[in-house]
Amino acid sequence: MDNPFYKPGLLPADRFAGFVSPTADPTDSPDGPLDLMDDPKRRALRCRFVLTPVAWVACALLHGLPARAQAVDDAPLILKRSTLLQEKIPEATRQQLPTFVSGERLSGQTDLDTEVQGNAELRRGDTMIRADRIDYNQPEDLARAHGDVHVNRAGNVYEGPVLQLHLDSFEGFFTQPDYRFLNNAYGHAERIDFIDDKHSVAHNATYTTCQRKPGPSWMPDWIFKATTLQFDTDEDVGRAEGAQLRFKDVPILPFPDMSFPLSDKRKSGLLPPTLGMNSVNGIDLVQPYYWDIAPNRDATLSPELMSRRGLNLGGEFRYLEAPYRGQISANYMPTDMLRDRDRWSYATTDSGTINTGISSIGNLGFNVNLNRVSDDNYAIDFPHALPSLIQQVLPNDASLSWAQGHFSASARTLKWQTLQEVGSPITPPYDRLPQLTGAYTRLDAGGFDFSLTGDYTQFSADSTLTLQPNAKRSYALAQISHPWQAPGWFVTPKLQLNATSYEFDTPLTNGASTASRVLPTFSLDNGLVFERDASYFGRSFRQTLEPRAFYVYTPYRNQGLLPNYDSALNDFNFATVYTENAFSGNDRISDANLLTLGVTTRLLDPDTGAEAARFGVAQRLRFKQQQVTLPGGTPDPAGVSDLLLGTSINWTPRWSLDASGQINLKTHESLSSSIGGHYSPGSYRVVNASYTKYIDPVTPTNSSTQWDLSWQWPINDLWGDKGRNLGPGLGQGEGRWYSVGRLNYSMLDHKLVNAVMGLEYDAGCWIGRVLIEQLTTSTLTANKSIQFQLEFVGFSRLGSNPTQTLRTNIPGYDYLRQQTTTPSRFGNYN
C-alpha cells in the first residue's frame with residue numbers, strides 16, 4: 001500500500017529534498033527560521049527521504065512537530081571517524097549504506113519500489129544517478145533511469161538516455177552513453193554493459209584524452225575507435241578488438257587486438273614500438289615486451305632491428321626484496337653485419353643485506369656491480385647500451401661489509417675491463433683481487449677520538465701494458481686526536497702514524513722484492529666563529545665570520561722507487577685544502593711543513609638557518625719545498641701557494657651560483673677556475689650554465705677549457721605568452737612549444753664535445769618531441785642520432801624514447817604531463 005505521506009501533492013512542496021534527522025534545528029535554514037506550518041504559497045517544504053522503514057516514521061514525526069521546533073542543547077560537538085570520504089568503500093560497508101532519493105514528485109511502496117520524477121536523484125555511497133525519472137525496486141536492488149541520465153560511480157561519469165543498473169553489484173547496461181573516466185579519458189559508445197563495478201564492455205566505442213571544446217564541428221586531435229572496448233579498472237587495463245588509432249582524422253595504426261593502460265599501473269604486454277635513426281646503426285626499430293612477474297619483480301624484453309647491423313636481443317630484469325634489490329641487463333647480437341662477429345654485453349647491480357643467523361655477528365651487507373662487453377669497440381658502436389659505457393674502463397666489483405659497535409670490516413674484489421682504442425691506448429688500472437679492510441673507531445673516549453685502520457690488497461694487471469710489478473700491499477693507519485670546542489671556537493690536535501709494506505712479484509729496479517714505509521704526521525686545526533646581525537639588499541641575515549688555521553707536519557721519506565697503484569694528486573679546492581695528505585690513495589704520503597690560512601663568511605636566514613650565501617678564501621704557506629711527488633710530477637716550492645677563492649649563492653629558490661678559482665699571485669693567471677649557475681623561475685623553465693678551466697703545468701694535453709649550457713624553456717614566452725604559467729597545455733587547448741637541449745663545447749679543441757638539441761610540443765592531449773644528439777664516443781669518433789616521439793597522453797607513445805636522454809643531460813628537466821598525484825573520485829564528485 002502506498003504511504004500517504006509520499007503521495008504527490010499531499011505535502012505543500014514543489015520538491016522533496018531536505019532533512020534526515022527530526023531533531024535538526026529549523027533555525028539552521030539558510031532562509032531564516034523555518035515554520036513547518038507556513039502557508040504553502042509562501043514557502044516550499046523541503047524534505048529528504050532515506051529509503052528505510054525508520055526513515056518513514058521519522059518523516060511522519062517531523063511532519064507532526066509544532067510550529068516552532070525546540071532548539072537542541074548547545075552541547076559541544078564530538079568528532080568521530082567517518083568513512084564518508086574514503087576513496088574506496090569496503091564491500092561490507094557498502095551493503096549497509098542507505099539509499100537517498102530526491103525529486104519533484106515521489107511515490108512508492110515501503111520496502112518494495114519507489115518512483116521519482118522530475119530532477120530525480122538517487123545516491124548510495126560512491127554511486128549517484130540523476131535523470132528525468134528513476135524507478136527503484138528495493139528487493140532486486142534495481143534502478144531504471146530514463147531521460148538525461150547521469151551516473152557517477154567512484155568518479156567515473158556516464159551520460160545517456162536509458163540506464164538499467166543493480167546498485168550494489170553495479171551490473172546492468174547503458175544505451176548511447178558518453179563517458180569520462182578519472183584519468184581524464186572520454187568516449188562514446190552505442191551501449192555499455194556493466195559486468196560489475198570493476199569491469200565493463202563498450203560496443204562500437206571511442207576513446208580519447210582530448211577535452212571537448214565548444215562548437216559542433218569540434219573533433220579530438222586523436223581518437224581510438226574499436227568495435228569492442230573492455231575496461232578493467234581493477235587492473236587499470238583496457239582491451240580493444242577491431243581498433244584503429246586516428247590522429248588529426250588520419251588513420252595511422254590499425255590494431256586487430258590490443259590492450260592499453262588506463263593509468264600508470266604496471267601490466268604485462270607489448271609496449272609501444274620505438275623508432276630512431278643513427279649515423280652508425282642506421283634505422284633502429286625496437287619492439288619491447290613488458291612482463292609484470294610480481295609486485296616486486298619485472299622484466300622487459302627488447303628485440304631491436306638495426307638496418308646496418310642486424311638483430312639485437314636485449315632484456316632487463318629487476319627485483320626488489322625486503323633485504324636486497326638488483327637489476328640485470330643484457331644484450332646479444334648473433335651476427336653484426338658491420339663487424340662480422342657476435343656482439344654481447346651484460347651489466348648487473350645488486351645490493352642488500354644477508355642475515356647470518358648469528359647474533360654476535362649480525363648482518364652482512366653486499367654490493368655487486370658487474371659490467372662486461374664482447375670487444376673493445378662495443379662502447380663506440382652502442383653508446384647507450386649500458387650506463388657505464390661512457391667510460392673506457394668497466395668495473396666488475398663485488399664486496400661484503402660488516403659493522404658492529406666500534407668495529408667494521410669489508411672484503412672486496414675489483415677487476416676492470418679496459419676498452420682500448422686503436423691509436424689512443426690507455427694504461428689499465430690495477431685489479432684488486434682481493435682487498436681486505438678492517439677498522440676500529442672510538443669517538444669521545446675520555447675526550448679523545450682514535451681509530452685504527454688496516455688494509456691488505458693484492459694488485460694485478462697485464463704486465464705487457466704496465467711498467468710496474470704486481471704486488472701485495474699491507475697498509476695501516478693509526479690516529480688519535482683531542483677536540484676542544486665551544487660555541488665560538490675549536491682546537492683539534494691530531495697525531496697519525498702511517499705504515500705500509502709491499503711484496504712484489506718481480507724485483508724493482510734496485511733489485512728489491514719488498515719495501516716498507518713508516519711515517520708520522522702531526523696536524524693542528526684551529527678556528528673561530530663570530531656572528532652578527534646584518535642586512536643586505538633589504539633582507540635580514542645572521543652573518544658569520546669563520547677564520548681558520550690548519551698546520552700539518554710530515555717528515556720526508558724517499559718514496560721514488562715505490563710503485564703507484566691507487567694514488568692521485570688531490571685537486572686544490574676547499575674540500576682538500578684542510579687535509580693532511582696532498583695525495584689520495586695509500587701509495588704516496590706527502591712530506592709537509594705548511595700552514596693553511598683561510599676565512600669564510602656565510603649569510604644565514606635568521607628564522608630557518610638556511611644558507612643564502614657563502615664566500616671563502618684560503619692560501620697555504622709552505623715552510624719547506626715538498627719533495628714527494630707522483631711519477632713525472634713537479635714538487636710544490638716553498639713560500640705561498642696559489643690563492644683559492646670560492647663562493648656559493650642561493651639567494652632565492654629560483655637561482656643559485658657556485659664559483660671557485662685558483663690564482664697564481666706571481667703571474668696573476670688562473671690555473672683552475674669554474675663557475676656554474678642554475679636558474680628556474682617555475683615549472684618547465686630551467687637554464688644551467690657552467691664554465692670550467694684547468695691548466696696542467698706538467699702535462700698540457702690534460703688541460704681543458706669547456707663551456708656547458710643546458711635548458712628547457714617554453715618558446716611561447718618569446719611572443720608574450722609567458723603570463724600563463726599554468727604548466728603544459730594551459731588546459732585551454734593552446735599548443736605550447738618548448739626548446740630543450742645541451743651544448744658542451746671544448747675551447748681548446750674548438751668543437752662540440754656533446755650536443756643535444758630538440759623541440760617539444762604540448763597540445764594538451766598529445767605531445768610531440770624531436771631530438772638530435774651528437775655523442776663523442778672516443779677521441780676519433782662521434783655518434784649522431786635523431787629521435788622523435790608522438791605521445792598520446794594517457795594512452796600510448798609512438799617513436800623513440802628521448803625523455804631519458806633529456807633527464808640525463810638537463811638537470812632540473814620537467815617531464816611534460818607528469819602525473820604527481822593519484823586521481824581522486826572526489827575530483828568528479830557531482
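Look above for the structure.
Asker: Explain the state of the cysteines to me, please; I cannot follow it from the model alone.
Answerer: Put plainly, two cysteines are in a disulfide when a covalent bond ties their sulfur atoms together. For the structure on display, the rule yields one disulfide. The disulfide that involves C210 links it to C765, with 2.0 Å between the sulfurs. Between C210 and C765 the sulfur-sulfur dihedral comes to about 70°; the bridge is accordingly right-handed. Of the two residues, C210 sits in the loop between strand 12 (199-207) and strand 13 (222-232) while C765 sits in the loop between strand 46 (751-762) and strand 47 (766-776), which places them 555 residues apart along the sequence.

Asker: So what exactly am I meant to see when it comes to the pattern of salt bridges here?
Answerer: Pairing is possible between side chains that carry opposite charge, provided their charged atoms lie close to one another. In this structure the tally under the stated criterion is 38 salt bridges. For the salt bridge of R124 with D168, the shortest nitrogen-to-oxygen distance reads 2.9 Å. Of this pair, R124 sits in strand 4 (residues 113-124) while D168 sits in the loop between strand 7 (156-166) and strand 8 (171-175), placing them 44 residues apart in sequence. On the accessibility criterion, D168 (27% relative accessible area) is partly exposed. The salt bridge involving E791 is made with R769; its shortest N-O contact spans 3.0 Å. With E791 in strand 48 (residues 782-792) and R769 in strand 47, this pair connects stretches of sequence that are 22 residues apart. For the pair E791 and R769, one class covers both residues: buried.

Asker: Looking at this model, I keep getting lost on a nonpolar patch on the surface. Mind explaining?
Answerer: A cluster of nonpolar side chains, contributed by L275, M277, I283, L285, L305, L311, L313, Y332, W344, Y346, V770 and F788, occupies part of the molecular surface with about 1000 Å² of accessible area. Within the residue set of the nonpolar patch, elements represented by two or more residues are strand 17 (274-278), strand 18 (282-286), strand 21 (310-320) and strand 23 (341-355). By the element assignment, Y346 lies in strand 23.

Asker: Would you mind showing me how to read the packing of aromatic side chains here?
Answerer: For any pair of aromatic rings, geometry is given as the distance between the ring centres together with the angle between the planes. Enumeration according to the criterion identifies 31 aromatic pairs in this entry. For the ring pair W737 and Y761, a centre distance of 4.7 Å and an interplane angle of 50° mean the geometry is tilted. With W737 in strand 45 (residues 736-746) and Y761 in strand 46, this residue pair connects regions lying 24 residues apart in the sequence. Its guanidinium or amino end placed over the ring of F173, R191 lies 4.4 Å from that ring's centre, counting from NZ or CZ. The ring of Y578 is capped by R548, whose NZ or CZ atom sits 4.1 Å from the centre of that ring.

Asker: For this particular structure, what's the right way to read the side chain of T544?
Answerer: Turning to its location among the elements, T544 is positioned in strand 34 (residues 539-554). Here T544 falls in the buried class, since its relative accessible area comes to 2%. Ignoring any residue separated from it by four or fewer positions in sequence, one finds T544 in contact with F530, E531, T600, T601, R602 and L604.

Conventions adopted
- Residues numbered from 1 in each chain as written.
- Predicted model: local features only at pLDDT ≥ 70, side-chain atom pairs only at ≥ 80, totals over all residues.
- Heavy atoms only, no water.
- Disulfide = S-S within 2.5 Å.
- Helix = DSSP H or I, 4+ residues; strand = E, 2+ residues; numbered from the N terminus.
- Salt bridge = Lys/Arg side-chain N within 4 Å of Asp/Glu carboxyl O.
- Buried < 20%, exposed > 50% of the residue type's maximum accessible area, 1.4 Å probe, protein only.
- Patch = residues over 30% accessible without salt bridge, like charges linked within 9 Å, V, L, I, M, F, W, Y side chains within 5 Å.
- Areas by Shrake-Rupley, 256 points an atom, 1.4 Å probe, with all protein chains shown as cover.
- Phe/Tyr/Trp six-rings, centres within 6.5 Å; stacked < 30°, edge-to-face > 60°.
- Lys NZ or Arg CZ within 6 Å of the ring centre and 35° of its normal.
- Contact = heavy atoms within 4.5 Å.

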